[in-house]
Amino acid sequence: MEMSKKTIDEASKKMIEKACRDCVETVWDRYEKQQPQCGFGELGVCCRICLSGPCRINPFGEPSKGICGATADTIVARNLLRSVACGAATHVDHAFEAVEMLDMAADKKIPYDIKDEAKLHAVADKLGIAKEGKDKYELSKEVARAMFADFAPGKETMDYLSKMVPQERLEVWRKLGILPRDPDLEIRRVMHQTTMGVDADPVNLLLATAKMGLVDCYSGLKLGTDVQDIVFGTPTPVKTEANLGVLKKDKVNIVVHGHVPFLSEKIVEWARKLESEAIAAGATGVQLSGLCCTGNEVLMRQGVASAGNYLSQELAIITGAVDLMVVDVQCIMPSLAQVAACYHTKLVTTHEIGKIPGAEHVDFRAESADEDAAKIVRMGIEAYKQRQAAKVEIPSDKAEMWGGFSVEAIVGALSKLDADNPLKPLVDNIVAGNVYGAVGIVGCNNPRFPQDSVIVPLAMELVKNNVLVVVTGCVAHALGKVGLMSPEGAEKYAGPGLLAVLRAVGEANGLGGPLPPVLHMGSCVDNARIGDLISALAAYLNVPVPALPVAASAPELNHEKALSIGTWAVDMGLLTHIGMPPNILGSPVCAKVLTEDIEGLTGGKFYVEPDPQIAAEKILEHIKAKREGLGI
Ligand code: MSK
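Thresholds applied
- Residues numbered from 1 in each chain as written.
- Predicted model: local features only at pLDDT ≥ 70, side-chain atom pairs only at ≥ 80, totals over all residues.
- Heavy atoms only, no water.
- Helix = DSSP H or I, 4+ residues; strand = E, 2+ residues; numbered from the N terminus.
- Rg over C-alpha atoms; globule rule 2.2 N^0.38 Å.
- Buried < 20%, exposed > 50% of the residue type's maximum accessible area, 1.4 Å probe, protein only.
- Contact = heavy atoms within 4.5 Å.
- Areas by Shrake-Rupley, 256 points an atom, 1.4 Å probe, with all protein chains shown as cover.
- Lys, Arg positive; Asp, Glu negative; His and termini not counted.
- Charge placed at Lys NZ, Arg CZ, Asp CG, Glu CD.
- Axes fitted to C-alpha atoms, helices over the stretch in contact; angles between N-to-C directions.
- Parallel < 35°, antiparallel > 145°, perpendicular 65-115°, else oblique.
- 1 Å grid on protein atoms, 1.4 Å probe; cavity = no way out; pocket = protein on both sides within 12 Å on 5 of 7 lines; lining within 4 Å.
- Points joined across faces, edges and corners; volume = space filled by probe spheres on them.
- Nonpolar A, V, L, I, M, F, W, Y, C, P; charged D, E, K, R; others polar.
- Near = heavy atom within 4 Å.
- Domains from an automatic or database assignment.
- Buried area = accessible area lost by both parts, 1.4 Å probe.
- Salt bridge = Lys/Arg side-chain N within 4 Å of Asp/Glu carboxyl O.
- Polar contact = N/O pair within 3.5 Å; in protein donor to acceptor, adjacent residues only side chain to side chain.
- Pairing = 2+ DSSP bridges.
- Right-handed = clockwise from strand over helix to strand, strands pointing away.

**A closer look at the overall build of the chain**
No. 1: If you tally the helices and strands in the chain, you get 27 helices and 16 strands.
No. 2: Its C-alpha radius of gyration of 24 Å places the chain within 12% of the 26 Å reference for a compact globule of 632 residues.
No. 3: Expressed as lengths along the three principal axes of its C-alpha atoms, the size of the chain is roughly 65 × 65 × 50 Å.
No. 4: Considering the chain as a whole, with its 632 residues, one finds that 62% of them fall into the buried category.
No. 5: Long-range pairs, those at least 24 residues apart, make up 76% of the contacts in the chain with a sequence separation of at least 6.
No. 6: Total accessible area on the chain stands at roughly 23000 Å², and carbon and sulfur atoms take up 54% of it.
No. 7: When the 65 basic and 80 acidic side-chain charges of the chain are each reduced to a single mean position, those positions are 1 Å apart.

In structure tokens, the structure reads:
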């Protein structure tokens, strides 16, 4: 496989070459060994749901049905629904753990405080919980109880949905019959609905998929983000760096990877506290960096540097400079143990549902968070002593990157232009055409695409055309690495209208330069922040969400979570670009409903396009049409 098919990132290229020299297998080697991939699986027409199977449908003839009689449409729709439910389950489980943490923090049973009272009050207000006379612990307890109640049966839908979304969306979803009752019931129901001999109607299955998008956001993304803000603080703008060049030759390098910030926040704290032990071991200190979304969480709140995105996880270890990588859940390649075994790197798993043969497991518990985090940092310091200098090669590539753009931070920055009406300057500039529209670019890397090769040109093209880009997940790392998330990136890449606005906001906030043209809004769960931002814009303009000149994109989607997030974006009424189709092309009905018909129901639809230039043109056309619809 040629290098140009693996990545566009220079640091990654250097480490892929080093992997070759060090005889270390990477994700691209395994991808190549899988070729050609199964055509039935690609089309989604393989069914393994009952033991008569596996059955597969021939899209060009016979067999046209499974042994039970299920058609390609049924099989594809069932498979898709299971994938989206799985994506939703990850976020719901993450959020549920976060609520448990909040509950224990309220009882002062764990070494975490309630850092953000303003956010706590904002959430309490939304949930209709009286604040008067309650300290932050009492109020947190009540808020946690209200959150737990969403997991119990008995309501038409979850409070975290009905009290948080624009009324217009609520009505659309109610009419479609896709309001979820409670997340656990709905996920259980999907498993029942998709088992052999229950639902054979592809349209009914697709409506259940749309419902899962709502479960994903309102029992997962939004719940998780809000609780994490309450406990750890709502992010504010922070400057850091991105790419493998953030690793330091003379320091103990500890990399956090996964999705949940409860462990990684403690690792940050203990890495700082144990600097002297690192120095005693011969290093000049501890260098922390992050991968994927745990990386984003500590970048957003603590300014921890980004080592890279999904496809860089093995490459970080291949530098030979990572002394310890500590992981929690999601997006962690099992191969990390094999790669770590080729170097001195200690790989540590920490979650009871996320163990990897060959890794050392530390059973991280909230109650013993300080002891566990200190132990892990000390394991890194010990591993540093075993580092093999001859194997160390850190690419020099890195770029300045800004993070921390929560909705509160964006509104705060805009309030320096208009304290009474902070959204007005943004909306005025959208109306004037200086800001042509806004696009949320989110999601993963996927070895089917050269790393970052769709993400970067798409974002560049949009920014050049005065579109404000907001990002989360692995897209953030990709765009940070090329300098699109720095003030300099605004001067270099932003169209003139957008640049003028970014300069005005930057100067009003005393930054001495423009805001970055791409705003980092956080991790995958923080896609809820993008939902909050567009809901606020729709409310300000008093229009439905689908009327806004905005779009969503997951150019290099990989995980089932990207499918559940994308489904929610379509539920919200957004044009949702994806760089490749999920495994649905074996069903003409599913493909048509998801890319055409659903627009008549929610206002949103999926749009599939691997070419970033063509995708940018289509998104710009879409924004133009929405602007015309608003008469601007
Ligand atoms: S980490 S889900 S590869 S964005 Fe959230 Fe990156 Fe996708 Fe994982």
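From this point, the narrative continues.
**Focus on the packing of helix H19 (residues 455-464) against helix H20 (residues 473-481)**
No. 1: Following both chains from N to C, one finds H19 and H20 inclined at 75°, their axes separated by 10 Å at the closest point. If you check the angle between H19 and H20, you find them roughly perpendicular. When H19 is examined against H20, the residues Ile 455, Val 456 and Ala 459 are found in contact with a partner set consisting of Val 475, Ala 478 and Leu 479.

**A short note on empty space enclosed by the protein**
A water-sized probe, rolled over the atoms, reveals where empty space remains.
No. 1: Within the structure shown, the criterion is met by five cavities of 30 Å³ or more.
No. 2: Looking at the largest cavity, it is lined by 30 residues, and the ones nearest its centre are Gly 440, Val 442, Asn 527, Ile 530 and Ala 552.
No. 3: Looking at which element gives the most residues to the lining of the largest cavity, the answer is helix H24 (residues 560-572), with seven residues.
No. 4: Looking at the lining of the largest cavity residue by residue, the class counts come to 21 nonpolar, eight polar and one charged.
No. 5: If you go around the second largest cavity, you meet 18 residues; those closest to its centre are Ile 410, Leu 414, Leu 426, Leu 468 and Leu 519.
No. 6: Elements supplying a minimum of two residues to the lining of the second largest cavity: helix H17 (407-415), helix H18 (423-432), strand E11 (437-441), helix H22 (496-508) and helix H23 (527-541).
No. 7: Top element by residues in the lining of the second largest cavity is H22. It accounts for four residues.
No. 8: Along the lines of polarity and charge, the residues of the lining of the second largest cavity split into 17 nonpolar, one polar and no charged.

**A short note on the site of the ligand**
No. 1: Taken together, His 259, Cys 292, Cys 293, Tyr 310, Cys 331, Gly 443, Cys 444, Gly 473, Cys 474, Cys 524, His 559 and Lys 561 make up the full set of residues adjacent to the ligand.
No. 2: For the shell around the ligand, the secondary structure elements donating two or more residues are helix H13 (292-302) and H20.
No. 3: Residues belonging to the shell around the ligand are distributed by class as follows: seven nonpolar, four polar and one charged.
No. 4: When residues of the shell around the ligand are assigned to domains, at least three fall in each of domain 3 (244-391) and domain 4 (406-630).

**Remarks on the domain arrangement of the chain**
No. 1: Domains assigned within the chain are domain 1 (6-56), domain 2 (72-232), domain 3 (244-391) and domain 4 (406-630).
No. 2: For domain 1 and domain 3, the distance between their C-alpha centres works out to 26 Å.
No. 3: Each partner contributes to the interface: domain 1 provides 13 residues, whereas domain 3 provides 14 residues.
No. 4: Between domain 1 and domain 3 the total buried area reaches about 1000 Å² when both faces are included, carbon and sulfur atoms providing 68% of it.
No. 5: If you sort the residues of domain 1 by the area they bury against domain 3, Met 15, Lys 18 and Val 24 come out on top, with a joint share of 41%.
No. 6: In this structure, the connection of domain 1 to domain 3 is made through one salt bridge.
No. 7: Between Arg 30 and Glu 314 there is a salt bridge, and its shortest N-O distance comes to 2.7 Å.
No. 8: At the boundary of domain 1 with domain 3, the tally comes to six residue pairs in polar contact (both at pLDDT 80 or more).
No. 9: Contributing elements (two or more residues each) for the side of domain 1 that touches domain 3: helix H1 (10-21) and helix H2 (27-33).

**Some details on the pairing of strand E6 (residues 305-308)**
No. 1: Bridge analysis of strand E5 (residues 286-291) against E6 gives three bridges, and the strand direction is parallel. Paired with Gly 290 across the strands is Ser 306, a residue of E6.
No. 2: For the crossover that starts at E5, traverses H13 and ends in the parallel E6, the hand is right-handed.

**Description of the pattern of salt bridges**
No. 1: Considering all chains together, one arrives at 47 salt bridges under this definition.
No. 2: Of the charged contacts, one joins Glu 142 and Lys 134 as a salt bridge, the two residues approaching to 3.0 Å between their closest N and O atoms.
No. 3: Each of Lys 119, Lys 222, Asp 226, Asp 229, Glu 297, Arg 301, Glu 408, Asp 526, Arg 529 and Asp 532 takes part in salt bridges that share partners, so that together they form one network.

**Here we look at the packing of H13 against H20**
Helix-helix packing is characterised by the crossing angle of the two axes and by the distance between the axes.
No. 1: With their axes 8 Å apart at the nearest point, H13 and H20 run at an angle of 70° to one another. Classed by the angle they form, the pair H13 and H20 counts as roughly perpendicular. In contact with Cys 292, Cys 293 and Asn 296 of H13, H20 contributes Gly 473, Cys 474, Ala 476 and His 477.

**With respect to unusual backbone geometry**
No. 1: Pro 54 follows Gly 53 through a cis peptide bond whose omega is 5°.
No. 2: With respect to the helices, strands and loops of the structure, Pro 54 is situated in the loop between strand E1 (46-47) and strand E2 (55-56).
No. 3: Cis geometry is found at the peptide bond from Glu 62 to Pro 63, where omega equals -5°.
No. 4: Within the secondary structure, Pro 63 sits in the loop between E2 and helix H4 (72-106).
No. 5: Although it is not a glycine, Cys 23 sits at a positive phi angle of roughly 60°.
No. 6: Along the chain, Cys 23 turns up in the loop between H1 and H2.
No. 7: You can call Cys 23 exposed: its relative accessible area is 70%.

**Considering the side chain of Gln 228**
No. 1: Structurally, the position occupied by Gln 228 is in helix H10 (residues 202-232).
No. 2: A relative accessible area of 0% means that Gln 228 is categorised as buried.
No. 3: Only 3.1 Å separates the side chain of Gln 228 from the side chain of Glu 297, close enough to count as a polar contact.
No. 4: When residues no more than four places from it in sequence are discounted, the contact partners of Gln 228 are His 94, Gly 233, Pro 261, Phe 262, Glu 297, Arg 301 and Val 525.

**Structural notes on the sheet that holds strand E14 (residues 550-554)**
No. 1: Judged by pairing direction, the sheet is parallel, and its six strands sit side by side in the order E13-E12-E11-E14-E15-E16 without closing on themselves. Each having just a single partner strand, strand E13 (518-522) and strand E16 (605-608) make up the two edges of the open sheet. Taken over all neighbouring pairs, the strand axes of this sheet differ in orientation by 25° on average, direction set aside.
No. 2: Sheet analysis places E11 next to strand E12 (residues 467-472), joined by five bridges and oriented parallel. Looking across to E12, one finds that Ile 441 is bridged to Val 471.

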